[in-house]
Amino acid sequence: MEEAPRFAADRMLGRLARWLRLLGADVSWYPDLGGSEFLRRARAEERIALTRDKRLRTAPDVGFLSSDGFRGQLREVLARFPFDPQRHAFSRCSRCNKELTPIEREDVRSLVPPFVYANHQRFARCEQCGRIYWQATHPERILGELRRLGLGW
Ligand SMILES: [Zn+2]
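Source: prediction; values computed, not measured. (Residues numbered from 1 in each chain as written. Predicted model: local features only at pLDDT ≥ 70, side-chain atom pairs only at ≥ 80, totals over all residues. Heavy atoms only, no water.)

(A) Summary view of unusual backbone geometry. The phi dihedral of Glu 46 falls on the positive side, at around 50°, and the residue is not glycine. Tracing the sequence through the fold places Glu 46 in the loop between α2 (35-44) and β3 (48-51). One non-glycine residue with positive phi stands out, namely Asn 97, at about 75°. (Helix = DSSP H or I, 4+ residues; strand = E, 2+ residues; numbered from the N terminus.)

Here it is, written out as structure tokens:
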């Protein structure tokens, strides 16, 4: 299975990082690092450095993004480092970047709202933060966003 690329997002790109994770990409986000320090860390972890920092734009292994908003940024990333979101979506926690673990439906009964439990069959959990994901809601939101980006599935 083709792997989604590994990214590092600079401190200005927190929202983009969460969206790329929802699409299944492995994204580190460093809210405290900037400039050359950020680039050093990204290289040490062998990640593509995504940044809005113009000083870094000439480095060959940097994905410099010109858009201010996360929708434009997402479009730039997918155009330059293409991967198939349909294959990878719903596999990673948008908050922690941890891969999700499938969880039995019975085990989430007390953890999710009753209407969610009643209407969904497949659930997964982030072992790090405990957040529960279900297969319908989040991909629906992702789908809507991708349609707005003109990428549609
Ligand atoms: Zn998590």
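The discussion continues.
(B) Highlighting the pairing of strand β1 (residues 6-9). Of the pairings in the sheet, the one linking β1 to strand β2 (residues 26-29) comprises four bridges and is parallel in character. When the sheet's bridge partners are listed, Arg 6 is paired in β2 with Asp 26. Taken together, β1, helix α1 (residues 14-22) and β2 constitute a β-α-β crossover, and its handedness is right-handed. Note that β1 and β3 share three bridges and pair parallel. Paired with Phe 7 across the bridge in β3 is Ile 48. (Pairing = 2+ DSSP bridges. Right-handed = clockwise from strand over helix to strand, strands pointing away.)

(C) Looking closely at α2. Where α2 is concerned, the buried positions are Gly 35, Phe 38, Leu 39 and Ala 42. When α2 is viewed along its axis, its buried side chains cluster within an angular range of 95° and face the same direction. Turned more than 90 degrees from where α2 packs its buried face, Ser 36, Arg 40 and Ala 44 sit exposed. Looking at the buried positions of α2, the neighbouring elements they touch are β1, β3 and β4 (62-64). Where α2 ends, the next residue or the one after it, Glu 46, has phi of about 50°, a positive value. (Buried < 20%, exposed > 50% of the residue type's maximum accessible area, 1.4 Å probe, protein only. Arc of directions from axis to C-beta. Contact = heavy atoms within 4.5 Å.)

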